[in-house]
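# Architecture at a glance
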Amino acid sequence: MTYSILELATQRPFIPEIDLSQISFPAHGAGNLAEIEEKHFWFTERRKLVLELLKERVQPGSIGVDVGCGTGFTSVWMTEAGYPTIGVDAMPGFSHYQKSGRGFGFLQADLLKWDLKPEFDFLLLLDTLEHIEHDRAFLHHVCGLLKPGGTAILSV
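### Here we look at the packing of aromatic side chains
According to the stated counting rule, one finds 1 aromatic pair in the structure shown. Ring geometry for Tyr83 versus Phe122: centroids 6.2 Å apart, planes at 75°, classification edge-to-face. Within this pair, whereas Tyr83 is found in the loop between α4 (73-80) and β3 (85-89), its partner Phe122 is found in strand β6 (residues 120-126), the two being separated by 39 residues in sequence. For Phe122, a relative accessible area of 0% puts it in the buried group. One residue, Arg47, lies across the ring of Trp77, its end atom 5.7 Å from the ring centre.

### Some remarks on the pattern of salt bridges
Counted by the stated rule, this structure contains 5 salt bridges. Residues Lys147 and Asp121 are paired through a salt bridge, measuring 3.3 Å at the closest nitrogen-oxygen approach. Here Asp121 lies in strand β6 and Lys147 lies in strand β7 (residues 146-155), a separation of 26 residues in the sequence.

### Points about the nonpolar core
Ile5, Val67, Leu111, Trp114 and Leu145 are the most contacted members of the largest nonpolar core, which totals 22 residues. Of all the elements in the fold, those that place two or more residues in this core are α1 (5-11), β2 (64-67), β3, β6 and α6 (135-142). Setting aside chain neighbours within four positions, we find Leu145 in contact with Ile5, Val65, Val67, Leu111, Leu116, Lys117, Pro118, Glu119, Phe120 and Leu123. Of all hydrophobic cores here, the second largest spans 10 residues; its members include Leu54, Met78, Leu126 and Ile153.

### With respect to α4
Of all 8 residues making up α4, 6 are buried, and the element is well covered by its neighbours. By the burial criterion, the buried members of α4 are Phe73, Thr74, Ser75, Val76, Met78 and Thr79. Buried-residue contacts for α4 involve α3 (41-57), β2, β3, α5 (95-100), β4 (106-108) and β6.

Rules of the game
Residues numbered from 1 in each chain as written. Predicted model: local features only at pLDDT ≥ 70, side-chain atom pairs only at ≥ 80, totals over all residues. Heavy atoms only, no water. Phe/Tyr/Trp six-rings, centres within 6.5 Å; stacked < 30°, edge-to-face > 60°. Helix = DSSP H or I, 4+ residues; strand = E, 2+ residues; numbered from the N terminus. Buried < 20%, exposed > 50% of the residue type's maximum accessible area, 1.4 Å probe, protein only. Lys NZ or Arg CZ within 6 Å of the ring centre and 35° of its normal. Salt bridge = Lys/Arg side-chain N within 4 Å of Asp/Glu carboxyl O. Core = buried A, V, L, I, M, F, W, Y, C linked by side-chain atoms within 4.5 Å. Contact = heavy atoms within 4.5 Å.

What follows is the structure, given as structure tokens:
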């Protein structure tokens with residue numbers, strides 16, 4: 001079955017089983033990030049660069065997905081900057097933003113278990129691949145979320 005991340009993230013009918021064994025990230029990591037992500041230079045400058053790249057490559061209002069969104073702050077920030085962005089992560093670190101109603105939508109999921117529907121104009125993988133054991137296979141798989149001609153922006 002092919003899953004629509006866009007539909008699941010905005011309607012959240014269920015959360016399938018998640019296998020965290022292939023991910024190397026501490027359970028408390030999102031909490032630590034939340035304390036610094038809004039103002040720390042690494043994150044503020046990275047968001048500015050990503051937004052500049054998006055403005056060069058996709059139209060405002062284009063819909064994206066932030067895979068490995070962590071706290072969800074970047075997903076919310078991109079949405080509020082005019083690029084609606086679904087946040088997806090295997091860990092539930094984005095729950096604060098999900099509960100607040102800010103952002104375009106969030107989904108806790110193990111994307112490797114799903115056939116993915118190509119429904120996004122852009123894909124963000126920001127400091128995510130280094131936490132994935134089989135990073136090359138993961139990258140190939142999540143690029144299946146992009147529509148033909150979509151833009152992927154990665155940082156490691």
